[in-house]
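A closer look at the structure
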Amino acid sequence: MYPQPLFMRRTLDFWDEDSGYHFVAATPQGEPDLWVQFLDGARAAYRRFGAEGALEYASIRDGTSTSLFFAAVTTDGVVQGGSRAQGPYGSGRESHAFREWTDPGIRARIARILDAYVPHGLIEVKSTWVGSGAVRRHELSAGVARTLTYSMELLGTRYLVATSASTAVARWQEVGAEIVDEIPPCPYPDDRYRTHLIVWDVERCRSERRSRELEKLLASDAAPGFTYMSSLLALRSLERGDLKGSGGEM
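Just so we're clear, the structure is a prediction, and the values are computed from it rather than from any experiment. (Residues numbered from 1 in each chain as written. Predicted model: local features only at pLDDT ≥ 70, side-chain atom pairs only at ≥ 80, totals over all residues. Heavy atoms only, no water.)

1. Focus: the packing of aromatic side chains
Cut-off, in case you're wondering: Two aromatic rings from Phe, Tyr or Trp, using only the six-membered ring of Trp, form a pair when their centres are within 6.5 Å; if the ring planes differ by under 30 degrees the pair is stacked, by over 60 it is edge-to-face, and anything between is tilted. A run of H or I in DSSP counts as a helix once it spans at least four residues, and a run of E counts as a strand once it spans at least two, with each numbered from the N terminus. Each residue is assigned to one of three classes by its accessible area relative to the maximum for its type, calculated with a 1.4 Å probe on protein chains only: buried under 20%, partly exposed between the two thresholds, exposed over 50%. To sit over a ring, a charge needs its Lys NZ or Arg CZ within 6 Å of the ring centre and within 35 degrees of the ring normal.
Counting across every chain of the model gives 6 aromatic pairs. The interplanar angle of 55° and the centroid separation of 6.2 Å between the aromatic rings of F38 and W129 together place this pair among those described as tilted. You can see F38 sitting in helix α1 (residues 32-48) and its partner W129 sitting in strand β5 (residues 122-130), a full 91 residues away along the chain. Residue F38 shares its accessibility class with W129, and that shared class is buried. One aromatic cluster is present, formed by W35, F38, F69 and W129 through successive ring pairs. One Lys or Arg, R43, reaches over the ring of Y57 and ends 4.0 Å from the middle of that ring. Across from the ring centre of F49, 5.7 Å away, lies the NZ or CZ of R48, which sits over that ring.

2. Considering the sheet that holds strand β6 (residues 159-165)
Spelled out, the test is: In short, DSSP must find at least two bridges between two strands for them to pair. Contacts are residue-level and defined by heavy atoms, with any inter-residue pair within 4.5 Å sufficient. Axes here mean lines fitted to C-alpha atoms, for a helix over just the part in contact, with angles spanning 0 to 180 degrees between N-to-C directions.
Here 8 strands make up an open sheet; going across it, the order is β1-β2-β3-β4-β5-β6-β8-β7 and the pairing mixed. At either end of the open sheet lies a strand with only one pairing partner, and these are β1 (12-16) and β7 (178-179). Pairing between β5 and β6: 3 bridges, direction parallel. Its bridge partner lying in β6, I123 is registered against L160. On top of the sheet, helix α6 (residues 137-149) reaches β1, β2 (21-26), β3 (68-73), β4 (79-86), β5, β6 and β8 (195-201); it is set at about 165° to β5, its chief contact.

3. Quick look at unusual backbone geometry
The omega torsion of the bond from G87 to P88 falls at 5°, within 30 degrees of zero and hence cis. Take P88: it is sitting in the loop between β4 and α4 (97-100). Here the bond from Y188 into P189 is cis, since omega is 5°, no more than 30 degrees from zero. Looking at the secondary structure, you find P189 in the loop between β7 and β8.

4. A short note on the environment of P185
Its location among the elements puts P185 in the loop between β7 and β8. Relative accessible area serves as the criterion here: at 38%, P185 is assigned to the partly exposed category. Sequence separation between P185 and T163 is 22 residues; the distance between their C-alpha atoms is 9.5 Å. The contact partners of P185, leaving out residues within four places of it in the chain, are W101, R194, T195 and H196.

5. Remarks on the side chain of S220
Rules: Whenever a nitrogen or oxygen atom comes within 3.5 Å of another N or O atom, the pair is scored as a polar contact, on the condition that within protein one atom can donate a hydrogen and the other can accept it, and that pairs from neighbouring residues in sequence are kept only if both atoms are in side chains.
For S220, the location among the structural elements is in the loop between α9 (208-219) and α10 (230-237). Using a relative accessible area of 7% as the deciding quantity, one classes S220 as buried. Polar side-chain contacts of S220 include one of 2.6 Å to the backbone oxygen of L217. Once you skip the residues sitting within four places of it in the chain, S220 turns out to touch R10, T11, L12 and D13.

As structure tokens, this is what we get:
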């Protein structure tokens with residue numbers, strides 16, 4: 001049985017004091033303009049590393065495979081990072097990892113591991129990125145890392161799976177990810193990368209900060225259509241200054 005989902009398909013947001021960005025949780029259908037900005041930024045980020053194919057832009061652009069997405073938004077409405085979640089899954093074989101590892105024996109091991117999580121609720125996070133020209137980029141990266149794990153509470157699951165290049169694993173470990181050591185890294189999306197299977201257990205992610213930020217999210221009452229929140233954003237930004245800039249980087 002899944003834990004009770006907290007996300008009721010309405011737009012949620014909170015202000016992150018460290019980075020100076022609004023983090024918005026929404027569905028592609030509920031916030032189509034924000035979704036387009038998110039996708040455009042993600043495509044620029046992946047393209048910068050020559051890995052645009054891994055984004056699978058054409059197959060995700062309609063939003064139907066995305067249960068919710070987080071967008072980090074400047075006070076003037078520019079998306080500078082975020083992530084998207086898929087699931088909950090009914091089988092571990094729905095994970096994108098089955099496209100990334102091609103060896104049948106390893107795929108069987110991945111299926112066994114992930115299938116054990118499914119009864120407790122399993123989602124996957126993909127398309128995580130941060131703008132290369134973003135102000136306070138270090139703090140923004142930390143904020144994006146935290147918020148992608150909030151998808152577990154919002155979608156009512158205990159487990160979160162993702163795949164990560166070795167260069168980014170340390171960032172995810174800082175917010176509770178564990179490498180699945182039983183699965184060797186694979187060269188995805190190409191031989192330049194060593195990609196790991198990583199998993200979060202919400203029970204090992206508890207912290208006072210998580211509780212505060214989730215409370216802010218759930219207490220927010222954003223009107224449908226984030227583009228119509230300009231007056232709210234301006235009010236929240238009076239004492240925080242403006243953040244501007246664009247560009248993309250994973």
